[in-house]
Structures are given as structure tokens and as C-alpha cells.
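# Descriptive structure summary
Letter by letter, the chains look like this.
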Amino acid sequence: MRKISIKGASWDSVFLAVARVLTILFNILSTKILSVGLDLETYGTYSQTLLVSSIGTSVIAMGLADALNYFFNKKKHDVDDHTRQRIINSIFLLEILLGLVFAAVVIFGQSVAVGYFSNPKLYGLLIPVAFLPVFSNLLQFYHVLYVSVGKAKKMSFFNLISLAVKLVSVCLAVYVFKDLLWIFIVLLGLDVAMVLIYHISLYHNGVFIHPFKSSHKHFPAILAYSIPMGVFAITSALTRELDKLVIGRLADTEALAIYTNCSKVLPLDFLVTAFATVLIPYIVQYVTEEKKELSVKLFSSYLKVGYYSVWTLGVTVLVAPSTVISFLYSDDYTTGLAVFVAYIFDSMLRFASMHLILTAANKAKYIMGCSLLSLAMNLVLNVVLYYALGMLGPAIATLICALTYTGLILNKSIRTVDSRWRDVFNWREVTYLILTLVLLWCGAFALNHLLLYVSVNRFVAMFVSMAVFGVGALAIHFQKISATLREINSFRL
């Protein structure tokens, strides 16, 4: 009997995807508990603090995670292990310093956030929130290192333990302590603990991180690579969050609560995110060593995983979107249905790590330029469309910017590896996928309404209709998906 191997890029990606699914379930359950347990005004306050944290995470990231990936995985004969280690240490030190600066700005500038959102309840909450971004980014650094040294499965296990504790803390905060401050204190404590666990675990696997054993002479090379990526991260975050900033300023706290949940990016890309995490070292090596044929094949296979999984899951949600909102949050949020649908299409356009080729080819400046263009477009369109369409306007603005940005990034990526669109996309295959998804959606949408008409419980009707759609799509495209996974698993570093 042949022994089954669970090694290779596809298997690592599957393990990460399973962990990602469990993460999704934990996060959905946490959001459900908060949405039901908190009134709209309190949830709006929670959304405002998270907005500060998410923007801060992107601002201080400065592209340093990409730099870590680049310098850790890039094969250069003129850089010995000792020098590479000093560079890695320097990247960690830079992030810690940026995190401390951001925390100080938030703590001493709480009145600015309070004034912007017109919400005095933010006082005090922002103190633990101020430190969340730096630990969030440090955890991302450790994720990069875990994947690079082939410990993705172990990393997934640690993440699941952390999520279980977070879920318990949310329940206690909502139903026992009834205090938002408890949530943020526990989140911060867990992040600190996870950083220590990752650090010790990597130490025992031969990866030594000593931020204070760094060298300032490496800062210019690190920043030359990371700053363009940092600008990209900041502008991408602001593009994503600008609509919430507009709603938070021009509307009330309750409107922001509704918009925040309905614009929440659902993890439709859990599978392709797992593949991106595993495949980054492969892409970096193939592109830097100018193995263009392998780069094209790998990028094409990665995109197939993306549109087969993300588009299918996105259309699945659209079978009964209003019921999905009620299930995920509560009936109070169904007024944001149009925003919810717009963001599903946004996620289907802009799934994870579309810019893999460009970052590996050190073309971060182009990514930065596209991001700045997207931000400028979003800034104008958000305000204009808000006054024209109300709450839906900023969501439409985000969708337009996603379409523009994705087109520019894909076109440049294809040109970077001296390829053509038809080499990366099999247009007959893509067209067939879209056609089958549309036809299956029509059938599942009609089935959902039929079940509702005969008085079947709306959530049962939703799950049955979505299951019929999902099973149908999988059955039709199973062979293509299997072939793509086998091809990815054949790649070697």
C-alpha cells in the first residue's frame, strides 16, 4: 500500500486553509456575540476603536513584513548567514520603534479621535488599543518566518489556541463584565503571550531573533525596499477604511455600526490566502532567479485557486444575502444589504496577494503608485457618492477603485515576467466558470424563495440553497481544481 505524503506546497496550504476556516468560525461567532449582545451605539464605539487599530497596524507596518520575506528567502552569495541575521534583527527593531511612537501618539492624542467621532466613550479604550498594532505586526513577522522554515502546521495550532481564548474573553466581556475595555486588555495580553511563544518556539528551531543585536547600517537597504511597500500598505488600508472614516464623520455612531458590519470583508479568500502564505518563498526565489516560465506557471495556478474558490464562495453568499446578514450579525443590520452586496463583489475582485510577482521582482514603487492613485480616486468618489447615494455611495466608490487597482496590478505583473494575459488566464475556462456560477445562482436563488414560500425556516432555506449551489459548483469544476492543486504541489524550492 502506497504511503500518503502530506508534504509539499499544496498540503501546507491545505493545513493553513483548515486553520483559516476554524479562524473564520471563531471570528464569525465573536462578531455575532458582539452584534447581538451590544446595542448599536456601543457596537459603533467598538467599531471606532477597531478603526484606529486597523489604520495604525497598516501605518506602522511600513512594508517591513515584505522586507522580512524578501531578505530571509532571497538567495544571494554575497550575503552570509550572520549578515542576514543582522538584517532580520534590524527589521524587528524598526517595527518595535514605530510601534512605540504610534502608541505614544494615540495615548497623548486621544482627544483628537474623540473629537473626530464625537464620542467621549473612546477615552480609556484607546490606551490598550494603542499597543495592538505593533504586536499584530510582530505576529505577522513570526508567521513569515514560520512558513519560511516549514513550520506552517505548528503556527496554525498556536493560532487556534489563541482564538479559543479570545472567544471566551468576548463572551465574558459582553455577558459578565459588560465592558469593552475588558476585550481590548485581553486581546493585548494574548498578543503579547503569542509573541513570546512564537519567539521561544523559533529559537528551539534554530531561528534566533534579537532585535537589539541589529545594525543601523542595514537600515537604508531595508527601508529602500520596505518604504514603497509601506506606502502601499498605508494607502491600501486608507482605501479600505476611508469609507468608514467618511461615514463616521458625516453620519452618526449607529450608521457606522451598520456600515462596519455590512462592509466587513468576509474571508472568502481563506483558501487562496493560505496558498499565498505558502507560495511567497517560491515566487520570491523563482522571480529573483529569473525563472520566468516557472513564475508564470505558478502565478497562473495561484490565480486559478483564487477565482475558483473566491468567486464560488462569493456567489454562494449572494444566494440569500439578507439572511446571511441576519445570521452573521442580527436583523438590525439588514438595512445595509446594498453595502453588503457591494463588498462581496469587491472581495471577488481583490483577493489576497494579487501583487505577489511585483513584490518579488522588487517593483514596490509601481504598487505604491497604484495605491496612491486608488486612494485619491476613493477620496473623491467617497464624498461625491455619499451625497449622491447615501450609505451605499462609499461602498460603490471602493468597488470602482478595486476594479481599477486590480487591472493595473495584473497587467504589470504579466509584463514583469514577459508573459501575456492568455498565458496567465485560460479565457475559455474563466468564461465557463462564470457561466456555470450564474446559472447555478439562478437555480439556488429560486430554490431559496421556494423554500421560504412553503414556510421553511429562513436559515434552513439559506443553508439548503447555499449547499445545493456549492455542491453543484464543486461537482462541475472538481477535475480542474484537482489538477491545479497537483500542479502547485509539483513546484519545488
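Read on for an overview of the structure. Bear in mind the structure is a predicted one, so any value in this text is a computation, not a measurement. (Residues numbered from 1 in each chain as written. Predicted model: local features only at pLDDT ≥ 70, side-chain atom pairs only at ≥ 80, totals over all residues. Heavy atoms only, no water.)

The next subject is the packing of aromatic side chains. Going through the model one piece at a time under the given rule, you end up with 18 aromatic pairs. Where Tyr259 meets Tyr343, the ring centres are 6.4 Å apart and the plane angle is 90°; that geometry is what we call edge-to-face. Placement of the pair is Tyr259 in helix H11 (residues 253-262) and Tyr343 in helix H15 (residues 337-349), with a sequence separation of 84 residues. Here the two residues Tyr259 and Tyr343 agree in accessibility, since each one is buried. Aromatic rings pair up to connect Tyr307, Tyr308, Trp311, Trp421, Phe425 and Trp427 into one cluster. Here the guanidinium or amino end of Lys412 rests over the ring plane of Tyr366, the centre of that ring lying 5.2 Å away. (Phe/Tyr/Trp six-rings, centres within 6.5 Å; stacked < 30°, edge-to-face > 60°. Helix = DSSP H or I, 4+ residues; strand = E, 2+ residues; numbered from the N terminus. Buried < 20%, exposed > 50% of the residue type's maximum accessible area, 1.4 Å probe, protein only. Lys NZ or Arg CZ within 6 Å of the ring centre and 35° of its normal.)

Turning our eyes to something else, we now look at unusual backbone geometry. Unusually for a residue other than glycine, Met62 sits at a positive phi of about 50°. Inspection of the secondary structure puts Met62 in the loop between helix H2 (40-61) and helix H3 (64-73). Although it is not a glycine, Ser455 adopts a positive phi angle of roughly 70°. Structurally, Ser455 is set in the loop between helix H20 (427-453) and helix H21 (458-489). Among the residues examined, Ser455 registers a relative accessible area of 66% and is labelled exposed.

All right, on to the nonpolar core then. The biggest cluster of nonpolar side chains holds 130 residues, and the ones touching the most others in it are Ile91 and Phe92. No other element matches helix H13 (residues 292-317), which puts twelve residues into this core. Sequence-distant contacts of Phe92, defined by excluding residues within four places in its chain, comprise Leu68, Leu138, Phe141, Tyr142, Leu145, Ile209 and Pro211. If you look at the next biggest cluster of nonpolar residues, it comprises five residues, including Leu358, Ile367, Cys370 and Ile409. (Core = buried A, V, L, I, M, F, W, Y, C linked by side-chain atoms within 4.5 Å. Contact = heavy atoms within 4.5 Å.)

Attention now moves to H13. Under the 1.5 Å per step criterion, the end-to-end length of H13 is 37 Å for 26 residues, consistent within 8% with the ideal 38 Å. The element H13 is extensively covered by neighbouring structure, given that 21 of its 26 residues are classed as buried. (Expected span 1.5 Å × (residues − 1).)

Just distances and angles here, no functional claims.
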